[in-house]
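One-letter residues, chain by chain:
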Amino acid sequence: MYELIFIVIKVHKTLIMRTFVCYNILGGFSLLQSEILAKIFFAKNFTKFFRILLPWRNFVMPYEKKSNSELLLEQLDTLPHFCSGLLLNRAAEREISTRLSYARDLNTFFPYIIRTKPELKGKNPHELEASDLNCISVDDIDRFIQLFLEGHSPTTTARMRASISVMFNYLTNTLRLIANNPMTGVTRVKVESKDYVIYLSLEEQETLINTIKYGTGLPPKQLKNTEKKSKRDLAIVFLFLDTGLRLSELQGLDVGDIDLDRCCATGVRRKGNEFREVYFSDTAAEYLGEYLEQRKSDVRYSALPSDPLFLNPSGNRISVRGIEKMLDKYIAAALPGRNDITVHKLRSSFAMSFYSSEKDILALQERMNHKSLNTTNIYAKAAENASKLTRNWRKIHNT
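Calculation notes
Sequence order sets the numbering: in each chain, residues are counted from 1 along the sequence as written. Under the rules for a predicted model, residues below a pLDDT of 70 receive no local features and side-chain atom pairs below 80 are neither given nor counted, while totals for whole chains, interfaces and linings still include all residues. Hydrogens and water are ignored here; the side-chain numbers use all heavy atoms of the structure. Helix and strand definitions here come from DSSP, where helices need a minimum of 4 consecutive H or I residues and strands a minimum of 2 consecutive E residues; each element is numbered from the N-terminal end. Residue exposure (1.4 Å probe, protein chains only): buried if accessible area is under 20% of the type maximum, exposed if over 50%, otherwise partly exposed. Residue contacts are counted whenever heavy atoms from the two residues lie within 4.5 Å of one another. For accessible areas, the Shrake-Rupley method is used with a probe of radius 1.4 Å. Any residue's cover is judged against the shown protein chains and nothing else. Stacked, edge-to-face and tilted are the three classes for Phe, Tyr and Trp ring pairs, Trp counted by its six-membered ring, which pair at centre distances within 6.5 Å; planes under 30 degrees apart are stacked, over 60 edge-to-face, the rest tilted. Pairs of strands are assigned from DSSP output, requiring at least two bridges between the strands. A carboxyl oxygen of Asp or Glu within 4 Å of a side-chain nitrogen of Lys or Arg is what we treat as a salt bridge. All axes are obtained by fitting lines to C-alpha atoms, using only the stretch in contact for helices, and the reported angles, taken between N-to-C directions, cover 0 to 180 degrees. Note on terminology: angles under 35 degrees are roughly parallel, angles over 145 are roughly antiparallel, angles of 65 to 115 are roughly perpendicular, and the others are oblique. We call Asp, Glu, Lys and Arg charged. Ala, Val, Leu, Ile, Met, Phe, Trp, Tyr, Cys and Pro are nonpolar, and the rest, Gly among them, are polar. Each crossing gets its hand from how the near helix is turned against the far one by less than a right angle, where anticlockwise is left-handed and clockwise is right-handed. For a helix, the expected span equals 1.5 Å multiplied by the residue count minus one. Cysteine sulfur atoms that pair up within 2.5 Å are treated as a disulfide.

Summing up its helical and strand segments, the protein has 19 helices and 5 strands in all. Every one of the 399 residues in the protein was classed for burial, and the buried ones make up 41%. For the protein, restricting intrachain contacts to residue pairs at least 6 apart in sequence, the fraction spanning at least 24 positions comes to 56%. In the form shown here, the protein has an accessible surface area of approximately 23000 Å², with 52% of it arising from carbon and sulfur atoms.

And the structure:
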């Protein structure tokens, strides 16, 4: 693979741009060969730079970031074959990031078990059969959890325990390949519940919205690059604050999912692989309408019902990372010091503002799409039509 390395060398106080074209120079040649080439093509001073550059080639050279799906498949290559059925089929309704976490956790668990169980010593995790796990006892898993807890937080350890539990439940209850589930006797990890929520107040939300609208606080260079994207960015951020959608839910919306007449997003794929209608306010409908009008007037992009709702400059669906970087830029300009605000905290901001305004925890549970009543600290069912009836909660609060 040909690599282009653009090097700026200062010679006699003059900056000279040179292009070094080589065949995989940072990976295909030895250090000595690379230094010889450097001396041929450049001044001797470059060799000092090259010595520094070589160990960091994976960081400084351009590379394409792998998707979570690709990373999951890589993890599965080193796991027992039955894990593929669990993480690709059985748990398909879970977010890909969740399944990737499961896979990474299991890739930590299996090597430990193989090292500590005489019956499994010498085996490769990928070669394990479900029947091999019959030798694993409650004490084995308890010891692993305790050792893991010594180097990790209770929250991370609880997730590890959950990953192992999901696998054993699958083998015991779904596939029925092992007789007993050792996880039923494994000690639970105590995780202290937080008594606070990180969120933006309504005043801070307004400051953030104004920065997106008018570019307040943005450096001149960013302001110039943001002008064409402001309507899109405003629609994205306000929709988070107005509905409490999860990042993956908003990022996956198509143009046809937006019904401006009814002020709702239809067929939103929510957690658990369920499709729901999500209502938004008149203000959100206004921002979405302005963005779609701008989108339709741009001949470069189509706006068919099956097209992604929010695009990146290349005309493709904006990525999760793209949304995160966009928010980081505006937060830094609008609310310096609030580097604790992420996209998920916009969802928390919605929850706090909504409940402060409506005092209806049941409607909030419905809006947040919480499955467990404990998540919203209530013991009652959500009102069936609460989302639709309270879609203009922000307008009500401001009047």
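After that view of the structure, there is still more to cover.
What the rule picks out here adds up to 8 aromatic pairs. Ring geometry for Phe-109 against Phe-144: centres 5.2 Å apart, planes inclined by 75 degrees, an arrangement best described as edge-to-face. With Phe-109 in helix α7 (residues 96-116) and Phe-144 in helix α8 (residues 138-150), this residue pair connects regions lying 35 residues apart in the sequence. Here Phe-109 matches Phe-144 in class, with each residue buried.

Glancing now at the sheet that holds strand β5 (residues 274-279). Judged by pairing direction, the sheet is antiparallel, and its 3 strands sit side by side in the order β3-β4-β5 without closing on themselves. If you trace the sheet from one side to the other, it starts and ends with β3 (258-259) and β5, each paired once. Across 2 bridges, β3 lies against strand β4 (residues 264-270) in antiparallel orientation. If you follow Ile-258 over to β4, its bridge partner there is Ala-265.

Close approach of charged atoms lets side chains of opposite charge pair. Under the definition given, this model contains 17 salt bridges. Linking Lys-66 and Glu-74 is a salt bridge whose minimum nitrogen-to-oxygen distance equals 2.4 Å. Owing to a relative accessible area of 37%, Glu-74 belongs among the partly exposed residues under this scheme. Among the charged side chains, a network of salt bridges with common partners joins Lys-117, Asp-140 and Arg-143.

Let us now look at the pairing of β4. Hairpin remark: β3 followed by β4, antiparallel, with 4 residues in the connecting loop; positive phi at Cys-263, about 55 degrees. Judged from the 5 bridges that link them, β4 and β5 form a sheet pairing that is antiparallel. Across the sheet, the residue bridging to Cys-264 is Tyr-279, located in β5.

Attention now moves to the packing of helix α10 (residues 202-214) against helix α15 (residues 320-334). Running from N to C, α10 and α15 cross one another at 110 degrees; their axes reach a closest spacing of 9 Å. Between α10 and α15, the interaxial angle falls into the category roughly perpendicular. Mapping the contact onto sequence places Thr-207, Leu-208, Thr-211 and Ile-212 in α10 and Leu-327, Tyr-330, Ile-331, Ala-333 and Ala-334 in α15. For the contact of α10 with α15, the residue count by class is 7 nonpolar, 2 polar and no charged.

By secondary structure assignment, the location of Thr-157 is in helix α9 (residues 154-174). Look at Thr-157 and you get buried, because its relative accessible area is 0%. Considered as a pair, Thr-157 and Val-189 are 32 residues apart in the sequence and their alpha carbons are 7.1 Å apart. Setting aside residues no more than four positions away along its own chain, Thr-157 makes contact with Ile-145, Phe-148, Leu-149, His-152 and Val-189.

The subject of this paragraph is the packing of helix α12 (residues 230-243) against helix α14 (residues 282-297). Between α12 and α14, the shortest axis-to-axis distance is 9 Å and the interhelical angle comes to 155 degrees. Overall, the two elements α12 and α14 adopt an arrangement that is roughly antiparallel. Considering how the two elements wind past one another, α12 and α14 form a crossing that is left-handed. Residues Lys-231, Arg-232, Leu-234, Ala-235, Phe-238, Leu-239 and Asp-242 of α12 pack against Thr-283, Ala-284, Tyr-287, Leu-288, Glu-290, Tyr-291 and Gln-294 of α14. Among the residues forming the contact of α12 with α14, the class breakdown is 8 nonpolar, 2 polar and 4 charged.

The end-to-end C-alpha distance of α12 is 20 Å, a good match for the 20 Å that 14 residues give at a rise of 1.5 Å each. Across the 14 residues that make up α12, a large majority, 13, are buried. Once α12 ends, the next one or two residues include Gly-244, with phi positive near 75 degrees.

Looking now at the state of the cysteines. Here the structure, examined in full by the defined rule, presents 0 disulfides. The thiol sulfur of Cys-264 is not disulfide-bonded, and the nearest other cysteine sulfur, from Cys-263, lies at 8.0 Å. Exposure remark for Cys-264: the relative accessible area of 0% places this residue in the buried category.

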